[in-house]
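Residues per chain are reported as follows:
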Amino acid sequence: MFVSLQFKLELKKEDKEKLIKLMRMQSSAIRVAYNMLKELEKEKTKNPHIQIYHRLRQLFSDLPTRYIDSAIYKAKQYPTDKSVVFGGKRLFEKLCKNHLTGKAREGLKNQWRELRQGTLISIGSKSDRGNRLTRFEDLNGQLCLRITTGNREFIYARVLREPSNSKDKWITFMAMLLESWQTKNYFAYTVELKLRDGEIYGSVSFEIPTPEVKYTKEKGVIAIDTNASPIHIAIAEVSKTGELLSYQTISLHHLLGLSQNSKDHQEWILAHQLLDLAIEKGKAIAIENLKKLKKGMRGDGKATLRKRLHHWNAKKFLQKLKRDSNVKGSGNSRGSSCLHISHRNAKVCTAVEHR
């Protein structure tokens, strides 16, 4: 299943100027490639890609070669049997009427220019660590997009994106990214950037694997419990009959002072550690059902406890754990997912509480 997700970028002023210049260059290359495609189709030329590529190399010598291939790919998405107005036909017709003046007309012009000149696309591949020219990387605990602007010249843009809900595919994408960084088993993703209202927005397209469940509750489970005082995770290894085999705790105090992005990154690492443990033991994972937990109320004397819990979102972490389990095993030959995750039953709950 192919998925496309949106995000926003935050850049330094000088890096943003470089990126906009690069977007204008590739946008021009896309228009030239499209016009050449129409002409070569009329001439019924065989393999027009090579001719277009060599022509674009001559016209845009400063544009990295992979951006040229991506420009041709983008041009092929437009229909050649009818006229195409880059920048939008509706906006172009409004500008041609000349019924607007002053700021209103200038605003419409800027909007049309952004649509016409503000595109940058890079097609990814597995052999290029996902994407050679626009690659997601971890930079000092922050998710960033490394954008190639020239020959071995890069700029880094901070990715601004938070999951909207528990079903948001961004959680899956982050799990796949972290897995690929750790295992060096990369997956291809295509990144397209757009300029809108002076800001840079992007979309990433990739394929989500659909593996089969490999580890089930037949050999027991690894039960996970979150606790607030002291704030930590309790882990219990339980046999299929509910007997406690081993247990351990992981402190979460190091997450309390981190920014949201850094905290998310550390949570992904923690989710990976727990999944590696479950795979090592050959067991499924059982988590607590947060819907049945008492949230408390004001005046119950537990204000300090709720304040501590505010710094640790157990629900978001368990969502990461679930998504990560769906992609953890996608790199093996069979394409099996690593394990089954379910809510704890009574036997598992007893084992955790008596750790």
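Residues numbered from 1 in each chain as written. Predicted model: local features only at pLDDT ≥ 70, side-chain atom pairs only at ≥ 80, totals over all residues. Heavy atoms only, no water.

> Can you help me understand the overall build of the protein in this one?
Looking only at helices and strands, the protein has 10 helices and 14 strands in total. Across the 355 residues that make up the protein, the buried fraction comes to 45%. In the protein, 67% of the contacts between residues at least 6 apart in sequence involve partners at least 24 apart. About 19900 Å² of surface is accessible on the protein, with carbon and sulfur atoms providing 49% of the total. (Helix = DSSP H or I, 4+ residues; strand = E, 2+ residues; numbered from the N terminus. Buried < 20%, exposed > 50% of the residue type's maximum accessible area, 1.4 Å probe, protein only. Contact = heavy atoms within 4.5 Å. Areas by Shrake-Rupley, 256 points an atom, 1.4 Å probe, with all protein chains shown as cover.)

> Before we go on, may I ask you to explain the nonpolar core in this structure?
Side chains of nonpolar character tend, in soluble globular proteins, to be buried together. Counting residues in hydrophobic clusters, the biggest one holds 54 residues, and the most contacted among them are Phe-136, Ile-147 and Leu-193. Among the elements that take part in this core, helix α1 (residues 13-42) stands out by supplying 12 residues, more than any other. By size, the runner-up hydrophobic cluster in this structure holds 19 residues, among which are Ile-224, Ala-271, Leu-274 and Ala-278. (Core = buried A, V, L, I, M, F, W, Y, C linked by side-chain atoms within 4.5 Å.)

> Whenever I open this one, the side chain of Arg-135 confuses me. Can you help?
Mapped onto the elements, Arg-135 comes out in strand β3 (residues 134-139). Among all residues touching Arg-135, those that are not within four sequence positions of it are Asp-128, Arg-129, Cys-144, Leu-145, Arg-146 and Tyr-189.

> I tried to follow the pattern of salt bridges on my own but got confused; where do I start?
Opposite charge on two side chains lets them pair, provided their charged atoms get close. Enumeration according to the criterion identifies 11 salt bridges in this entry. Close ionic contact of Arg-113 with Glu-106 constitutes a salt bridge, the shortest N to O distance being 3.9 Å. Overall, the relative accessible area of 40% leaves Glu-106 in the partly exposed class. In this structure, Asp-168 engages Arg-161 in a salt bridge whose closest nitrogen and oxygen atoms are separated by 2.8 Å. Each of Arg-66, Asp-128 and Arg-132 takes part in a single network of salt bridges with overlapping partners. (Salt bridge = Lys/Arg side-chain N within 4 Å of Asp/Glu carboxyl O.)

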